[in-house]
Amino acid sequence: MSVVQRIFKRKVYKFAEEVKQKDLSVFVFGTNEFAEAFIERLLAIGLGDTLALIANREMLWIEELKDQISVLIEENRKEYKKQNLYRTIGFKKAEKIIILYEDPGLIQDIIGGVRKETKAKIIVLERFAPPYIQYLARIPDENISVVGDIEAMSAELVKHIDLPLRTPPIIQVPVPAHFEGKTLEKTKFSHFEILKIVRLDEKQREQLYEPILPLRKGDELMCYIFRQEGYQELIKLLKEEAEN
């Protein structure tokens, strides 16, 4: 056995052991910005302990995730054609397989491999799904879904979780101009609460911060309305800003 083969077996077996020990049930294949955004969404809703990532190259955002989720980096494209990869990982407790690669051939190789090891639901982004996979998705018994965007994919995943979830009355509003430069940690409202500051980072992605930072132009406030009167109180606050 070559050195490369030994390294491959060692890292795959280590990953497979983590999958088994943690009873991981959601497997994401991907490296692009869609994979990054989707995993961020899953971590934000508390599904990190169910999650594993299989990527075809090292990325900075993946390196930063390694202390939060189980990660396998397999750069050799040929390995995705081999059943040994999927057989070793096992997928015994898998419930969802999310494939976010853009290469149609790679998508088909992965689907072909995982379907021989698990009956878990397979979800693919519509923009990348090759015609054959889109055809299979229209057959109910094939257990494959093709969805339009990351939001739909997240919803598809969450709706299958057996938890008593409900949607709380949370809304986002622009920061009033007279609040810019100020902090809200000591500001109290009678019927709603400011949960987070929503601020765009350099990649124009929303980041959440505690409401103790000085507010900036362009920030939004994530507010929890815990009484019906909270809507009127919030509208009054915004009207005061518009009239000033």
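These numbers come from a predicted model, not from an experiment. (Residues numbered from 1 in each chain as written. Predicted model: local features only at pLDDT ≥ 70, side-chain atom pairs only at ≥ 80, totals over all residues. Heavy atoms only, no water.)

## Observations concerning helix H5 (residues 104-115)
Okay, so step 1: Under the 1.5 Å per step criterion, the end-to-end length of H5 is 16 Å for twelve residues, consistent within 8% with the ideal 16 Å.
Okay, so step 2: Within H5, burial applies to Leu106, Ile107, Asp109, Ile110, Ile111, Gly113 and Val114.
Okay, so step 3: Looking at the buried side of H5, the elements it contacts are strand S1 (26-29), helix H4 (83-89), strand S4 (96-99), strand S5 (121-125), helix H6 (131-137) and strand S6 (144-147).
Okay, so step 4: Two to three positions downstream of the cap, the backbone nitrogen of glycine 105 sits 2.9 Å from a side-chain oxygen, assigning the N-cap of H5 to aspartate 103. (Helix = DSSP H or I, 4+ residues; strand = E, 2+ residues; numbered from the N terminus. Expected span 1.5 Å × (residues − 1). Buried < 20%, exposed > 50% of the residue type's maximum accessible area, 1.4 Å probe, protein only. Contact = heavy atoms within 4.5 Å. Polar contact = N/O pair within 3.5 Å; in protein donor to acceptor, adjacent residues only side chain to side chain.)

## Considering the sheet that holds strand S3 (residues 70-73)
Okay, so step 1: Strand order in this open sheet of six strands is S3-S2-S1-S4-S5-S6, and the pairing throughout is parallel. Two strands bound the open sheet, and with one partner strand each, they are S3 and S6. When the angles between neighbouring strand axes are averaged without regard to direction, this sheet yields 20°.
Okay, so step 2: Where strand S2 (residues 51-55) meets S3, four bridges bridge the pair, whose relative direction is parallel. Across the sheet, the residue bridging to alanine 52 is serine 70, located in S3. (Pairing = 2+ DSSP bridges. Axes fitted to C-alpha atoms, helices over the stretch in contact; angles between N-to-C directions.)

## Some points on helix H2 (residues 33-44)
Okay, so step 1: Spanning twelve residues, H2 covers 16 Å between terminal C-alpha atoms, matching the ideal 16 Å at 1.5 Å per step.
Okay, so step 2: Taken together, the buried positions of H2 are Phe34, Ala35, Glu36, Phe38, Ile39 and Leu42.
Okay, so step 3: Backbone geometry just downstream of H2 places glycine 46 in the positive-phi region, at approximately 85°.

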